[in-house]
Amino acid sequence: MLRKCCSGRLRIADSAHKTKKKLSLKGHFDELVRMNKVMLSRPRAAILLSILALIVFSSISFEVRASSLDVIQGKIAQFLKRPGIRSADWGIEIVDPTDNQVVLSLNPDKPFKPASVVKVITTATALEKLGSNFKFRTGAYADGEIKPDGTLVGDLILVGRGDPNLMDPVGDLLPRPTLQELAEKVQALGIRRITGDVVGDNSYFDFNTHGNGWTTQDLKSAYGAPISALSVNDNVLWLSARPTQPNQRISVSIEPQTSYFHVRNLGITGSRKARRTLYARAIPGTRTIVVSGVLPITHRGYWQSIILEKPADAVATLFKDELVRNGIGVDGTVRVLQYGDMPQEAKRRWTLLAEHQSPPLVKALEIINKRSNNLHAEMLLRTLGAEFAGAGTDEAGLKVVRDFLVEAGIESSHVRLNDGSGLSRDNIVTPRFQTSLLLFLSTRPYFDLFLSTLSVSGTDGTLKHRMASEPLRGTIHAKTGTLNGVASLSGYMTTRSGRNLVFSIFANNFRASVGRIRKTIDEICALFVNLY
């Protein structure tokens with residue numbers, strides 16, 4: 001294997017340094033079992049010949065791979081000496097589970113900021129603890145008496161329990177939006193009027209709407225949208241605008257459509273030569289969105305995301321809109337219950353009217369890992385805390401994660417986790433820790449499901465446009481990570497010779513563009529796919 005000597009150069013190290021046997025890929029063990037069965041069915045002489053052949057073949061194979069590693073070593077050393085690239089702090093560990101060998105190792109125990117690679121830890125814990133078939137439950141409850149004429153004398157409560165997909169913007173997960181489904185079920189029960197309020201119960205999670213270590217810029221961006229047990233549309237509103245006629249108001253629409261916001265449209269359609277100055281902003285502390293500026297008549301359209309400052313309030317309003325759309329009158333207003341607002345004993349008098357169960361958990365994990373959705377990862381972390389540690393908080397969720405790592409026997413004393421998505425700059429992992437986790441996952445019965453949640457090179461997710469040419473397309477299943485000065489890739493690769501490798505590559509504190517760093521990471525992967 002390759003290791004870094006004290007001079008900082010990569011070198012071939014003693015092959016006796018190996019990972020624990022229990023960490024081998026499941027497929028390798030299956031192949032060994034198959035070979036043993038075949039050999040047991042042969043005469044003794046044939047068995048001896050087979051053993052001899054295996055020894056000779058293994059020796060030749062090792063020599064070929066050792067020669068290949070020499071070439072790979074030299075090329076990687078050249079890569080890491082490039083201007084801009086050499087300024088980065090690099091951490092790499094690549095393991096071949098077939099013979100339990102670390103084949104490349106560079107700063108394996110050095111701490112690195114992992115960025116979104118943290119999502120692997122969160123989703124792995126969820127699969128282990130919740131199970132692949134776990135379903136989020138969102139319910140509509142009555143707090144009051146339902147009269148024979150269909151009047152609910154009291155409140156209708158929408159109880160959120162961390163489902164990140166109440167809406168399905170992509171359109172391939174739900175047959176219809178969850179709030180529409182629940183409103184139709186309430187209407188089907190014969191309820192025609194609600195004398196009280198529509199209440200959004202957001203108390204499954206605590207009131208902290210962001211993770212520890214998030215920056216001010218994160219909180220202003222769609223990728224850092226507020227965390228809430230009742231969330232919708234990734235907790236952003238999409239505003240779109242189109243030109244009409246010169247000097248006339250532009251056309252504005254929002255998605256999802258809701259009475260929660262009031263839009264003040266001050267935007268003007270400009271001439272063909274006009275410059276676009278159109279911009280939309282939500283006035284803090286209000287439900288007003290102001291659209292102002294100029295949109296040239298030749299412009300094909302403008303869109304902008306607006307963060308939902310209070311997601312639970314917006315969800316409860318959307319639910320009221322759906323109830324009204326289904327012919328159910330609401331006399332009261334919309335309000336929200338937050339963490340600690342009401343004791344659990346008081347909630348026991350509520351009557352369940354309708355419930356939505358999400359698709360199996362693995363579908364939610366695909367969105368987290370393939371699309372690298374921060375909000376969904378944070379909601380999952382707090383769900384772990386609520387389900388297993390008695391509180392929907394980051395601290396409780398992280399305790400469940402740490403317990404999982406201890407139970408799995410993964411050394412994590414040098415690991416520091418602050419959130420579930422990797423957006424925090426305070427997260428710290430090591431390459432050896434990350435590959436150890438991936439190797440452990442490869443032994444679990446849910447491994448194939450976990451593998452399916454990762455992005456595939458040249459195919460989907462955040463790797464759709466990376467390593468897309470042959471023979472790299474489809475050979476890498478991995479999780480990407482990106483922050484300012486941070487780029488990472490961690491997962492599994494299959495080489496042209498059919499060997500399966502587990503890898504983690506981290507780059508921190510670089511001056512080069514993130515594009516150049518990613519290209520270097522991809523080139524390292526390509527070397528192993530093509531030559532190992």
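Residues numbered from 1 in each chain as written. Predicted model: local features only at pLDDT ≥ 70, side-chain atom pairs only at ≥ 80, totals over all residues. Heavy atoms only, no water.

Would you mind going over the overall build of the protein with me for this structure?
Looking only at helices and strands, one finds 13 helices and 23 strands in the protein. Per-residue burial for the protein yields a buried fraction of 52% across its 532 residues. Counted over contacts in the protein with a minimum sequence separation of 6, partners at least 24 positions apart contribute 70%. In the structure as shown, the protein presents an accessible area of about 23,900 Å², 52% of it carried by carbon and sulfur atoms. (Helix = DSSP H or I, 4+ residues; strand = E, 2+ residues; numbered from the N terminus. Buried < 20%, exposed > 50% of the residue type's maximum accessible area, 1.4 Å probe, protein only. Contact = heavy atoms within 4.5 Å. Areas by Shrake-Rupley, 256 points an atom, 1.4 Å probe, with all protein chains shown as cover.)

Whenever I open this one, the pairing of strand β6 (residues 151-159) confuses me. Can you help?
Looking along a regular strand, one sees the side chains alternate between the two faces of the sheet. Burial within β6 is extensive, with 8 of its 9 residues counted as buried. Judged from the 8 bridges that link them, strand β5 (residues 137-146) and β6 form a sheet pairing that is antiparallel. The partner of Ala140 across the bridge, within β6, is Leu158. If you look at the hairpin formed by β5 and β6, you'll find 4 residues sitting between the two strands, and Gly150 has a positive phi there, around 90°. Both β6 and strand β7 (residues 193-194) contribute to a ladder of 2 bridges, which runs parallel. Across the sheet, the residue bridging to Thr151 is Arg193, located in β7. Following the backbone out of β6, through helix α4 (residues 178-188) and into the adjacent parallel β7, one traces a crossover that is right-handed. (Pairing = 2+ DSSP bridges. Right-handed = clockwise from strand over helix to strand, strands pointing away.)

In this structure, what is going on with helix α11 (residues 431-441)? I would like to understand it.
Think of an α-helix as turning once every 3.6 residues; residues three or four places apart then point the same way. Counting buried positions along α11 gives 9 out of 11 residues, so the element sits mostly inside the fold. Buried residues of α11: Pro431, Phe433, Gln434, Thr435, Leu437, Leu438, Leu439, Phe440 and Leu441, and no others. Looking at the packing, one finds that the buried side of α11 touches β3 (89-96), α3 (118-129), α10 (394-407), α12 (447-453), β22 (486-494) and β23 (500-508).

I would appreciate a short explanation of the pattern of salt bridges in the present structure.
Opposite charge on two side chains lets them pair, provided their charged atoms get close. Taken as a whole and assessed by the stated rule, the structure comprises 25 salt bridges. Its salt-bridge partner being Asp331, residue Arg193 comes within 2.8 Å of it at the nearest N-O pair. Highlighted residues: Arg193 in strand β7 and Asp331 in the loop between β17 (329-330) and β18 (334-337), separated in sequence by 138 residues. Where Arg325 meets Glu322, a salt bridge forms, and the shortest distance between an N and an O atom there is 3.0 Å. Placement of the pair is Arg325 and Glu322 together in helix α6 (residues 311-325), with a separation of 3 residues, close to one helical turn. Shared partners join several salt bridges into a network, and the residues in it are Glu93, Asp109 and Arg432. (Salt bridge = Lys/Arg side-chain N within 4 Å of Asp/Glu carboxyl O.)

Would you mind showing me how to read the sheet that holds strand β10 (residues 251-255) here?
Sheets are built from strands paired through backbone hydrogen bonds, the pairs being either parallel or antiparallel. Ordered in space as β10-β9-β16, the 3 strands form an open sheet in which the pairing is antiparallel. One side of each edge strand has no neighbouring strand; the edge strands of this open sheet are β10 and β16 (302-307). The average undirected angle you get between the axes of adjacent strands in this sheet is 20°. Two strands pair when backbone bridges link them, and strand β9 (residues 236-242) and β10 are joined in this way by 5 bridges, in the antiparallel orientation. Directly across from Leu239, in β10, lies its bridge partner Ile254. (Axes fitted to C-alpha atoms, helices over the stretch in contact; angles between N-to-C directions.)

Before we go on, may I ask you to explain the side chain of Ser132 in this structure?
Its place among the elements puts Ser132 in the loop between α3 and β5. Accessibility expressed as a relative area gives 17% for Ser132, which makes it buried. Residues within four places of Ser132 in sequence aside, it is in contact with Leu127, Pro360, Leu361, Val362 and Leu449.

Can you help me understand the sheet that holds strand β13 (residues 279-282) in this one?
Strand order in the open sheet made by the 3 strands is β11-β14-β13, with mixed pairing throughout. Each end of this open sheet is capped by a strand with a single partner; those strands are β11 (262-265) and β13. Geometrically, the sheet is characterised by an average inter-axis angle of 20° between neighbouring strands, direction not taken into account. In this structure, β13 lies alongside strand β14 (residues 288-292), joined through 4 bridges in antiparallel fashion. If you follow Ala282 over to β14, its bridge partner there is Ile289.

It is not clear to me how the packing of aromatic side chains should be interpreted in this structure. Could you clarify?
Working definition: an aromatic ring pair is given by the centre-to-centre distance plus the angle between the planes. Going through the model one piece at a time under the given rule, you end up with 10 aromatic pairs. Aromatic side chains Phe404 and Phe440 sit 6.0 Å apart centroid to centroid with 65° between the ring planes, which places their arrangement in the edge-to-face category. Taken together, the residues Phe404 in helix α10 and Phe440 in helix α11 connect sequence positions 36 residues apart. Both residues of the pair, Phe404 and Phe440, belong to the buried class. (Phe/Tyr/Trp six-rings, centres within 6.5 Å; stacked < 30°, edge-to-face > 60°.)

Hey, could you run me through the environment of Ala115 in this one?
Examined against the element boundaries, Ala115 turns out to sit in the loop between β4 (101-106) and α3. In this structure Ala115 comes out as buried when scored by relative accessible area, which is 2%. The spacing of Ala115 and Ala487 is 372 residues in sequence and 7.3 Å in space, taken between C-alpha atoms. Here Ala115 is in contact with Ser421, Gly422, Gly481, Thr482, Leu483, Val486 and Ser488, once residues within four sequence places are set aside.

Could you clarify how one ought to interpret the packing of α4 against α6 in this entry?
Packed helices, taken two at a time, are described by the angle their axes make and the gap between the axes. Here α4 crosses α6 at 45°, and the two axes come no closer than 9 Å. By the criterion of interaxial angle, the relationship of α4 to α6 is oblique. Relative to α6, the crossing made by α4 is right-handed. Where α4 abuts α6, its residues Leu179, Gln180, Leu182, Ala183 and Val186 lie against Val315, Leu318, Phe319, Glu322 and Leu323. By residue class, the composition of the contact of α4 with α6 is 8 nonpolar, 1 polar and 1 charged. (Parallel < 35°, antiparallel > 145°, perpendicular 65-115°, else oblique. Left-handed = near helix turned anticlockwise from the far one by under 90°. Nonpolar A, V, L, I, M, F, W, Y, C, P; charged D, E, K, R; others polar.)

Before we go on, may I ask you to explain unusual backbone geometry in this structure?
Note that the residue after Glu255, namely Pro256, is joined by a cis bond; omega there is 5°. Of note, Pro256 is situated in the loop between β10 and β11. Look at Asn247: it is not a glycine, yet its phi comes out positive at around 70°. Tracing the chain through its elements places Asn247 in the loop between β9 and β10. When its relative accessible area of 65% is taken as the criterion, Asn247 is described as exposed.

What should I look at first to understand the packing of α3 against α10 in this one?
Two elements in contact, α3 and α10, have axes separated by 10 Å at closest approach and are oriented at 75°. In terms of orientation, α3 lies roughly perpendicular with respect to α10. Within the contact between the two elements, α3 uses Ile121, Ala124, Thr125, Glu128 and Lys129 and α10 uses Val400, Val401, Phe404 and Glu407. Tallied by class, the residues present in the contact of α3 with α10 amount to 5 nonpolar, 1 polar and 3 charged.

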